[in-house]
Amino acid sequence: MQLYYIYDCEKRTWRESQEEWVKEDMEKIPVKLILEADSQEKIDRLLAENNQHTLLAYSTKNVHDYRQDHLNKYAVARWRVQLFEKQQTAIIIADVLTLVSDNDTEYPYSFSLTKNSWQQFSFRLDYGRGKYMANPYINLSSELYGHHVKNKWDWIDNLGLYHNSFSIYPVLPDTVGQGVMEFLKKLAGKEFGFEPTVSDNIPMGRLLKYFIQFPLDVNVGWYADLLGEDFKQRINRNNDSNFKLLCEVLGLPPLKSLKKAYNNNCRVLFICFILKSIGLEDINAWQQFYGIKKIMGEDIENLRLVLGRSGAFKKGQIFIKTSYKWRNLGRGGKWMYGYDSDITYDISSSSELVKWLLEKWGIKRTVEIIYPIINEWNDTVKDSIRMWRLLKNTEYMHRNIIQSIYRNGFTDELHDIMMYHFIRYQEARDAEIAERNKVAAERRKALLSLKFSLTHEELCRAEETKYGTFHIARSGADLDCTGKLFKNCVFSYVYSMEKKQCTIYYLMKEEIPLACIEVRGKNICQASGPRNDRMKPEARMAVQEWAEKHGLYLPPKL
């Protein structure tokens, strides 16, 4: 069985069509381009000119996306769905044309289709084996370093080579996905005796992927992506008991009300995990957050969670994957993609705010203030919380700030009020820092002028050897120069030198620093090369002979 979908310009959506002309080879069918940003006037004109046997190649690329015009971008002219009930397999195919810019300098930019190179993207859903496979066009060439893309990306998830609107892969329409989903649910009905229900707030591409993997609990598919392969291997495809497993991993109580909310919104357990981590542990308060469709203002697929892994990751961190950014490389004005580092959001950093709110106004008002923060994490909120953390224990935490938080939470009004007091705080802090720097400069000047009374009179002069010359730091200025020469912190020994607790020597060969040596009594406590690295063999031999000559002990580990 094969289904065909074409773009309905009037309704701005894809619709199924079984007309014979739609089933022709793509080269035989006339095609016209329509963009997501096209005006209603242009659409009306296109409808008037268009005959019923013309395909409309639809693209989300807008005329304002002028920085993308050098990248390949595709307009989909037709979707096809092939359903094989006996093989329990569905194949989704997108027939696309390349979208190119007609002009390089004029604005607004216009685009047209390259009609001599039809391409196909296909996505295979093998329900019987719980497998899925994405196959982009094999000769697809990206502009990123000129490499050819031959990997099998999950383009249907919109998680391919580029991110979101920068994706060179077509986005699966819900209309097409719904037809495939009905087919898959019938297959599941034959296997389990009933058709499983699915969440309505998971993107269609991901929903198909998760249904193939976990037909009785599609929500758990997102957590498998979020928590990694280790967790994914623990999930049982053929039952719906993964809710308890998720609660165990996230440290949440497996409540009936939470299970019901989880069935309606896959984000619920993650939201409760955040609330618990920032100190909002009242289970009854969690229910106020069940309807949130976003988390910290980021799309669901951009989050990944690290739960107590070893190494550099701390327990309970959320990593928000930033999208690809355009960067202007040099004066030539060439634009190309570049990575931005992941943003790490440590969920424990908000716990002090929650604690402060609970102590002041109790659970009800705290929930009302925290809800919009969790629901929509934007720059205003982030900046306001940053200022709050700096001001909260100072005299600049004015009552106007506290009253604004109580009345409206973290809003633009609060940001403006806090900014006024934060500027006063910064001015006072800058003045304090300037005064500290002035005192530090005077103290440093005094230290540089110090003359040391040395502990070993017989070693007060420079001593030449076949390896180089041994020098001694006689003053604070000498010690400062030695620290700069060896790029170490030897100047911090100025107080010990002043009290005759130690003496600093250093070995030079012409202009090359070889060893910096700390002597206390008759013992060499430290001896290292530049940047506190281990001494080279030649330098260590020189220090060893010098120590033996003057009756100093050099430990073997140095």
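About the criteria used
Residues numbered from 1 in each chain as written. Predicted model: local features only at pLDDT ≥ 70, side-chain atom pairs only at ≥ 80, totals over all residues. Heavy atoms only, no water. Phe/Tyr/Trp six-rings, centres within 6.5 Å; stacked < 30°, edge-to-face > 60°. Helix = DSSP H or I, 4+ residues; strand = E, 2+ residues; numbered from the N terminus. Lys NZ or Arg CZ within 6 Å of the ring centre and 35° of its normal. Expected span 1.5 Å × (residues − 1). Bend = angle between axes of the 7 residues up to and from the residue. Buried < 20%, exposed > 50% of the residue type's maximum accessible area, 1.4 Å probe, protein only. Contact = heavy atoms within 4.5 Å. pLDDT = per-residue confidence, 0-100. Arc of directions from axis to C-beta. Polar contact = N/O pair within 3.5 Å; in protein donor to acceptor, adjacent residues only side chain to side chain.

### Topic: the packing of aromatic side chains
Here comes step 1: Per the stated rule, a full pass over the model turns up 21 aromatic pairs.
Here comes step 2: When the ring of Phe470 is compared with that of Trp546, the centres are 4.7 Å apart and the planes differ by 5°; the resulting orientation is stacked. With Phe470 in strand β15 (residues 468-472) and Trp546 in helix α16 (residues 537-549), this residue pair connects regions lying 76 residues apart in the sequence.
Here comes step 3: Ring pairing ties together the aromatic residues Trp222, Tyr223, Phe243, Tyr262, Phe270 and Phe273, which thus form one cluster.
Here comes step 4: Here the basic side chain of Arg424 rests over the ring of Tyr420, its NZ or CZ set 4.8 Å away from the ring centre.

### Re helix α10 (residues 351-375)
Here comes step 1: Counted at 1.5 Å a residue, the expected span for α10 with its 25 residues is 36 Å, but the 17 Å between its end C-alpha atoms falls short.
Here comes step 2: In the structure, α10 departs most strongly from a straight axis at Gly362, where the bend amounts to approximately 125°.
Here comes step 3: Of all the positions in α10, only Leu353, Val354, Trp356, Leu357, Arg365, Thr366, Val367, Ile369, Ile370, Ile373 and Ile374 are classed as buried.

### Here's the deal with the side chain of Gln213
Here comes step 1: When you line up the elements, Gln213 lands in helix α3 (residues 204-213).
Here comes step 2: Not counting the four nearest positions on each side in its chain, Gln213 is found in contact with Gly130, Tyr132, Lys232 and Arg237.

### With respect to the environment of Val31
Here comes step 1: Within the fold, Val31 resides in strand β3 (residues 31-35).
Here comes step 2: Residue class for Val31 comes out buried when judged on its relative accessible area of 7%.

### Regarding the confidence of the model for the protein chain
Here comes step 1: The pLDDT averaged across the protein chain works out to 80; a share of 78% of its residues lies at or above 70.
Here comes step 2: With pLDDT under 50 throughout, residues 136-153 is counted as low confidence; its partners more than four residues away or in other chains account for 43 contacts.
Here comes step 3: In the predicted structure, residues 321-343 sits below a pLDDT of 50 and forms 53 contacts with residues beyond four places in sequence or in another chain.

### Let's talk about helix α11 (residues 379-391)
Here comes step 1: Taking 1.5 Å of rise per residue, 13 residues should cover 18 Å, and α11 covers 18 Å from first to last C-alpha, within 8% of that figure.
Here comes step 2: Among the residues making up α11, those that are buried are Val381, Ser384, Ile385, Met387, Trp388 and Leu391. One face of α11 carries all of its buried residues, which in axial projection span an arc of 165°.
Here comes step 3: Of the surrounding elements, those touching the buried residues of α11 are α10, α12 (399-408) and α13 (412-448).
Here comes step 4: Sitting at the head of α11, Asn378 places a side-chain oxygen 3.2 Å from the backbone nitrogen of Thr380.

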